[in-house]
Amino acid sequence: MAFVSFLIPCFVIGTDIAFSCQNTDDFVGASSPGDIVIGGLFAVHSEMLHPEEHPIKPVIQNCAGFEIQIFLQTLAMIHAIEMINNSTLLSGVTLGYEIYDTCAEVTKAMASALRFLAKFNSSKDVVEFKCNYSDYVPRIKAVTGASYSEVSMAVSRLLALQLIPQVSPASSAEILSDKIRFPSFFRTIPSDFYQTRAMAHLICESGWNWIGVIATDDDNGRFALESFGVQAMANNVCIAFKEMLPAYLSDNTFQTKVDHAIEKIVKETRVNVIVVFMRQFHVLKLFKKAVERNVNKIWIASDNWSAAVKISTIPNIRQLGTIVGFGFKSGDISTFQDFLRNLHEKPTDNNKFLHEYIMLLSVCAHLEYHDFQMCISNQSQDDLLQNVENKHQIWRDGFLNANIEPGFIHSTILAVYAIAHAIKGQCKDRNCKDPSALTPWELLEELKKVTVIDDDKEIKFDSSGDMSTSYDVLLWKEIDGHVEIMTMAEYDPEKGDFIFVDEEKKKEFLDLKKVQSTCSQHCRPGQMKKVTESPHTCCYECVYCPENHYSNQTDMDYCYRCNNKTYWAPANSTTCYRKTIHFLAWTDWFAIFLLLLSAFGVVLVLSISVIFTRNLNTPVVKASGGLTVCYIILFSHFLIFLSTVFFVDEPTEFKCKTRQALFGISFALCISCILIKSLKILLAFSFDPKLQNFLKCLYKPIPTVVTCTGIQVIICTFWLIFRTPFVKQNFSIPRAIILECNEGSIVAFGIMLGYIAALAFICFIFAFKGRKLPENYNEAKFITFGMLIYFIAWIVFIPVYATTFGKYLPAVEIIVVLISNYGILCCTFLPKCYIIIYKQETNTKSAFLKTIYTYSSKSAGSVAVSQISLDSKSSSSRATISDSCKSEKNSVNGNCHFQVPGQRLIKGEVLPKNTARTVARKRLSSI
């Protein structure tokens, strides 16, 4: 490059050349007459020179930095107009053009726009001031351009005064879609809204969320940055830093800010993706510095430079890393390529841009490709020579074709054709050879309805004046030592999808994910983000999902909560697991054990029934109340054992309602019958007349049993009707659902058990009073033991049942039922069965009579002694009684009889055998 700098002054001969603006005609860059003239605004040069003298005068200065790519756009506009003029599209109406160089400066673009507004055929280019421009005929009917959004914003506001339609092939700022502020602006490309959304989508798809952004400090850069910020936030992408570079290269701080931006990129080691919204000459400066610092990142290019051949040929550009960009969708431009091949034959009289290009070819002809390109870009109009001799010898075939950016060329041609179709629509019923026959505002209305055929597709402007064409996703790829710009995919703005031509392209796209650009490590499934003190949401810690929560994707902001009723999840879980349904199943070992106990109880009941049936006429069976009472008691025991079956396996509504009612009624029936037996025993062996009379009134077997059992039936009926038990799912255990029966009403359940307890207590009292029966007839004593077992079992049951939960809760009640049932059954029947089987000699009538006789004798003697001791006040009283016994003739069979209060006749100490037997028979018959 030092060699180039040395050579350039050798070609400088003078400073005042034909490019200086001496009059308004000199201001035009390229022109051609026509019936309808279209204006063009293109930044053929990258900057306008600024004089150093003071004071600064309002003089339009020359420009520097010839831009090949934008020069090609002016040629594309000329080519399109020539194609239209050579076709039948406008039926004899020819199009002319006036193309102006804006030098990327709003000031110079405004000067060009003023000339557009000048009155047609005005020799002094006067812009008339009018309140109504409806009939005003300006110099041009429509404008193509400008190259940059910032310029288009200024020009469009000026052109809106006369509603001159402006169709831009390159200005993509989102704000230009506002038809209130820019009513006459159209463009043949999508808005930046879609480009920034595509970028954010690409970044999100690649798994990046920590990026840097560099933009120019102008309207276009700021609006693009703002739009991208919104899209990035929507896709959970954070911007680590933003660097703004001056819009003009002439800014004294430009190089300093480039250095600062590079330092920022180098410092932020976690940022490996940089989004760049800048013009091509800005990117050139930035990348040259980045190459010097060996910066290696992924660069995401905006449409301004994504297809810039000038940048792709920077020496060592491949060291910068991977460059992915979004370019406007290109079409068939083969005719334009043919146009460029014959460009050296075109006259340069009315095309100063072409004239300048040929001069640049001459100046830079000795240099190689990249240096040649840099030489062209670095020349100013003040430095060029006018010597254009031998232009065929210096023409570089293929150079222009190699620098084509297809998207911009295609959109420029599309813009011209859109204007031409609008003219065609307006010229159907009028003579458009007359310039006054067509006004710009009428053309504007027609342009809103225009439909253009492009690659066999109909496209038109939407309500915002934009054409919704797609984007090409471009990848800068090294091939044979050179960087080639390849189309990797197509992005559909409407669907928001990437479309791949083949699997190889898709693989290249997916390979981008290999590069990490995140503030924090990705949180795995089973984890969630915990925001740290950083203001960025992308900087976080990964923490495990708590219990009963899960996450099934990476980088989740929060964990989903499992449905606590039916699902559960451990900590650090990626899914929820269905809770296991628990209940006391048939297959559970404890349930099997309890059921075996119940089955044994049933067998025991049946065995006792068989034993009692076979010994029906023995005293023991008769003394037990007879076969009917025994069968009723045994049947109630059978039902109680049977009720335990309803406590096992999956609860149902029927089981929940049946088990407690069956148990309660059966137990009440059993206790009622045992209560009758207790009363009968007490009545048989009671020697107290008052107690006997009371017991005789109370002893009503059938009414008593029916009443006592009926009350329990009523309790259970009301319970089942008003607060019926139901199946309940218990979620108290984290990983299981306990299916259990809810009793419906604890009060009703308590009343049922309390009623049984009351019957058992009464039975216990009566049995306790009759506990001193004959030793061979000790049923009351065993009934007492049975009732005690019942009380102990159920007293223990209450706290255990209240504190137990889980699937074994029904087992607790089964155990209590079995204990109380076995206790009463064994105490009631097993002693009798023992006598029947093993003590058969005592199971005879004579043996029973002897036992009862002995018991009756003892009982009568004890009663007599008791009564005598009560009636004797002193020893004299006993003598009186003895004397009266001797004197009175009240003896029977030689024995002394005496009357005791409360008895009709109380026997003496010794009773005759026949009298004792009589009493024994009465007792036995009463039993």
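All residue numbers here refer to positions counted from 1 along the written sequence of the relevant chain. Only residues with pLDDT of at least 70 are given local features in this predicted model, and only at 80 or more are side-chain atom pairs given and counted; all residues enter the totals for whole chains, interfaces and linings. Excluded from the side-chain calculations are hydrogens and water; all other atoms, namely the structure's heavy atoms, are used.

Engineer: I keep staring at the overall build of the protein chain and nothing clicks. Help me out?
Structural biologist: Helix and strand assignments come from DSSP, with helices taken as H or I runs of at least 4 residues and strands as E runs of at least 2, each series counted from the N terminus. Summing up its helical and strand segments, the protein chain has 30 helices and 27 strands in all. When accessible area is computed with a 1.4 Å probe and restricted to protein chains, residues below 20% of their type maximum are described as buried, those above 50% as exposed, and intermediate ones as partly exposed. Out of the 927 residues in the protein chain, the part that is buried amounts to 52%. Here a residue-residue contact requires only that any non-hydrogen atoms of the pair lie within 4.5 Å. Sequence-distant contacts in the protein chain: of pairs separated by 6 or more residues, those separated by 24 or more amount to 71%. The method behind every accessible area is Shrake-Rupley, applied with a 1.4 Å probe, and residues are considered shielded solely by the protein chains displayed. Looking at the protein chain as shown, the accessible area adds up to about 43000 Å², and 57% of this sits on carbon and sulfur atoms.

Engineer: Mind showing me how you'd approach the packing of aromatic side chains here?
Structural biologist: By convention here, two paired aromatic rings are described through the distance between centres and the angle between planes. Working definition: a ring pair exists when centres of Phe, Tyr or Trp rings (six-membered ring for Trp) sit within 6.5 Å. Plane angles under 30 degrees give stacked, over 60 give edge-to-face, the rest tilted. Overall, the coordinates contain 43 aromatic pairs when judged by the stated rule. Aromatic pair Phe 287 and Trp 305: ring centres 5.4 Å apart, planes at 90°, arrangement edge-to-face. In this pair, Phe 287 sits in helix H9 (residues 280-292) while Trp 305 sits in the loop between strand S12 (297-301) and helix H10 (309-312), placing the two residues 18 residues apart along the sequence. Comparing Phe 287 with Trp 305, the two get one shared label, buried. Between the aromatic rings of Phe 718 and Phe 722, the centroid separation amounts to 5.7 Å while the plane-to-plane angle is 20°, which identifies the pairing as stacked. Remark: Phe 722 and Phe 718 occur in helix H24 (residues 701-722); sequence separation between them is four residues, near one turn of the helix. Here Phe 722 falls in the exposed class, since its relative accessible area comes to 58%. Note that Lys 141 overlies the ring of Phe 120, its terminal NZ or CZ placed 5.9 Å from the centroid. Charge-over-ring placement is defined geometrically: NZ (Lys) or CZ (Arg) within 6 Å of the ring centre, and within 35 degrees of the ring normal. Over the aromatic face of Tyr 148 sits the side chain of Arg 279, whose NZ or CZ is 4.2 Å from the ring centroid.

Engineer: Would you explain the pairing of S12 in this entry?
Structural biologist: The side chains of a regular strand alternate, first on one face of the sheet and then on the other. Of all the five residues making up S12, five are buried; the element is thus mostly covered by neighbouring parts of the structure. Of the two faces of S12, the one lined by Lys 297, Trp 299 and Ala 301 and the one lined by Ile 298 and Ile 300 are each fully buried. Whether two strands pair comes down to DSSP finding at least two bridges between them. Examined bridge by bridge, strand S11 (residues 273-277) and S12 share four bridges and lie parallel to one another. Bridge pairing in S12 links Ile 274 to Trp 299. Note that the unit made of S11, H9 and S12 has a crossover that is right-handed. Orienting the strands away from the viewer, one traces the path from the first strand over the helix to the second; a clockwise path indicates a right-handed crossover.

Engineer: Sorry, what's going on with empty space enclosed by the protein here?
Structural biologist: Any space left empty among the atoms is revealed by the rolling of a water-sized probe across them. Cavity means a closed set of points on a 1 Å grid over the protein atoms alone, one where a 1.4 Å probe fits but cannot get out, pocket means an open set with protein on both sides within 12 Å along at least 5 of 7 lines, and lining means a residue has an atom within 4 Å of a point. Grid points are joined across faces, edges and corners, and a volume is the space filled by probe spheres set on the points. Inspection of the entire model under this criterion finds eight cavities of 30 Å³ or more. There is about 130 Å³ of room inside the second largest cavity. As for the second largest cavity, its lining consists of 13 residues, of which Ile 70, Gln 73, Tyr 148, Gln 280 and Asn 304 are closest to the centre. At the level of elements, helix H3 (68-85) and H9 are the ones that each hand at least two residues to the lining of the second largest cavity. Counting residues per element, the lining of the second largest cavity draws most heavily on H3, which supplies three residues. Note that Gly is not counted as nonpolar here; it falls among the polar residues with everything else outside the nonpolar set of Ala, Val, Leu, Ile, Met, Phe, Trp, Tyr, Cys and Pro and the charged set of Asp, Glu, Lys and Arg. Of the residues contributing to the lining of the second largest cavity, the split by class is five nonpolar, five polar and three charged.

Engineer: Honestly, the nonpolar core in this entry has me stumped. Any pointers?
Structural biologist: Soluble globular proteins tend to pack their nonpolar side chains together in the buried interior. In this description, a nonpolar core means a group of buried Ala, Val, Leu, Ile, Met, Phe, Trp, Tyr and Cys residues linked to one another through side-chain atoms lying within 4.5 Å. By size, the foremost hydrophobic cluster in this structure holds 89 residues, and its most contacted members are Phe 336, Tyr 357 and Leu 400. Grouped together as the second largest cluster of nonpolar side chains are 71 residues, Val 605, Leu 679, Val 705 and Ala 760 included.

Engineer: Honestly, the sheet that holds strand S25 (residues 580-582) in this entry has me stumped. Any pointers?
Structural biologist: For sheets, the rule is that strands pair by backbone hydrogen bonds, running either parallel or antiparallel. Read from one edge of the open sheet, three strands run S25-S27-S26, paired in mixed fashion. The open sheet has two free edges, formed respectively by S25 and strand S26 (726-730), since each of these has just one partner strand. Across the sheet, the axes of successive neighbouring strands diverge by a mean angle of 30°, strand direction being ignored. Pairing geometry for S26 and strand S27 (residues 736-742), over five bridges, is antiparallel. By the bridge assignment, Phe 726 is partnered in S27 with Asn 742. Axis angles are defined between N-to-C directions and span 0 to 180 degrees, where every axis is a line fitted to C-alpha atoms and, for a helix, only to the segment in contact.

Engineer: Whenever I open this one, the environment of Leu 225 confuses me. Can you help?
Structural biologist: Topologically, Leu 225 is positioned in helix H7 (residues 219-234). Look at Leu 225 and you get buried, because its relative accessible area is 12%. As a C-alpha pair, Leu 225 and Ile 214 span eleven residues in sequence and 8.5 Å in three-dimensional space. Every residue in contact with Leu 225, bar those within four places of it in the chain, is listed here: Val 213, Lys 242 and Met 244.

Engineer: Help me understand the environment of Gly 325 in this model?
Structural biologist: Among the structural elements, Gly 325 can be located in strand S13 (residues 321-328). Look at Gly 325 and you get buried, because its relative accessible area is 0%. Residues Gly 325 and Ile 300, spaced 25 residues apart in sequence, show a C-alpha to C-alpha distance of 5.3 Å. Leave out the neighbours within four places in its chain, and Gly 325 touches Ala 301, Ser 306, Asp 472, Val 473 and Leu 474.

Engineer: Honestly, the side chain of Gln 660 in this entry has me stumped. Any pointers?
Structural biologist: Examined against the element boundaries, Gln 660 turns out to sit in helix H22 (residues 653-684). Since its relative accessible area comes to 1%, Gln 660 is described here as buried. N or O atoms within 3.5 Å of each other form a polar contact, as long as, within protein, one can give a hydrogen and the other can take it, and as long as residues adjacent in sequence are counted only when both atoms are side-chain atoms. Polar contacts involving the side chain of Gln 660 include one to the side chain of Glu 743, which spans 3.2 Å. Here Glu 813 takes part through its side chain, which lies 2.8 Å from a polar atom of the side chain of Gln 660.

Engineer: Mind showing me how you'd approach the packing of helix H25 (residues 746-769) against helix H26 (residues 779-803) here?
Structural biologist: Helix-helix packing is described using two parameters, namely the angle between the two axes and the distance between the axes. Running from amino to carboxyl end, H25 crosses H26 at an angle of 150°, the nearest separation of the two axes being 9 Å. By the angle between their directions, the pair H25 and H26 is classed as roughly antiparallel. Note that H25 runs across H26; the crossing there is left-handed. Where H25 abuts H26, its residues Phe 749, Leu 753, Ile 756, Ala 757, Ala 760, Phe 761, Cys 763, Phe 764, Ala 767 and Phe 768 lie against Ala 780, Ile 783, Thr 784, Met 787, Leu 788, Tyr 790, Phe 791, Trp 794, Phe 797 and Tyr 801. Considered class by class, the residues forming the contact of H25 with H26 number 19 nonpolar, one polar and no charged. Oblique is the label for every angle not falling under 35 degrees (roughly parallel), over 145 degrees (roughly antiparallel), or within 65 to 115 degrees (roughly perpendicular). Should the near helix be turned anticlockwise from the far one by less than a right angle, the crossing is left-handed, and should it be turned clockwise, the crossing is right-handed.

Engineer: Can you help me understand the pattern of salt bridges in this one?
Structural biologist: Side chains bearing opposite charge may pair, as long as their charged atoms lie close to each other. Salt bridges are identified by distance alone: a Lys or Arg side-chain nitrogen within 4 Å of an Asp or Glu carboxyl oxygen. Within the structure shown, the criterion is met by 28 salt bridges. Ionic pairing is found between Lys 433 and Asp 35, a salt bridge with its closest N-O pair at 3.3 Å. Of this pair, Lys 433 sits in the loop between helix H16 (406-426) and helix H17 (440-447) while Asp 35 is found in the loop between strand S1 (30-32) and strand S2 (36-42), placing the two residues 398 residues apart along the sequence. The partner of Glu 67 in a salt bridge is Lys 310, with the nearest N and O atoms 2.6 Å apart. Placement of Glu 67 in the loop between strand S4 (63-66) and H3 and of Lys 310 in helix H10 is noted, with a sequence separation of 243 residues between them.

Engineer: What is the right way to look at the state of the cysteines in this model?
Structural biologist: What is meant by a disulfide is a covalent connection between two cysteines, made through their sulfur atoms. A pair of cysteine sulfur atoms is labelled a disulfide when the two atoms are within 2.5 Å. The final tally for this structure, using the stated rule, is eight disulfides. Linked covalently through their sulfurs, Cys 63 and Cys 103 form a disulfide whose S-S length is 1.7 Å. Looking down the S-S bond of the Cys 63 and Cys 103 bridge, the torsion is 100°, so its handedness is right-handed. Taken together, the residues Cys 63 in strand S4 and Cys 103 in the loop between strand S5 (95-101) and helix H4 (106-117) connect sequence positions 40 residues apart. We classify Cys 63 as buried; its relative accessible area is 0%. Residue Cys 545 pairs covalently with Cys 559 via a disulfide, S to S 1.9 Å. On the sign convention where negative is left-handed, the bridge of Cys 545 and Cys 559, at about -80° about the S-S bond, is left-handed. With Cys 545 in the loop between strand S20 (540-544) and strand S21 (549-550) and Cys 559 in the loop between S21 and strand S22 (560-561), this residue pair connects regions lying 14 residues apart in the sequence. Classification of Cys 559 as buried rests on a relative accessible area of 10%. The thiol of Cys 630 is unpaired, and the distance to the nearest cysteine sulfur, on Cys 833, comes to 9.3 Å. For Cys 630, a relative accessible area of 1% puts it in the buried group.

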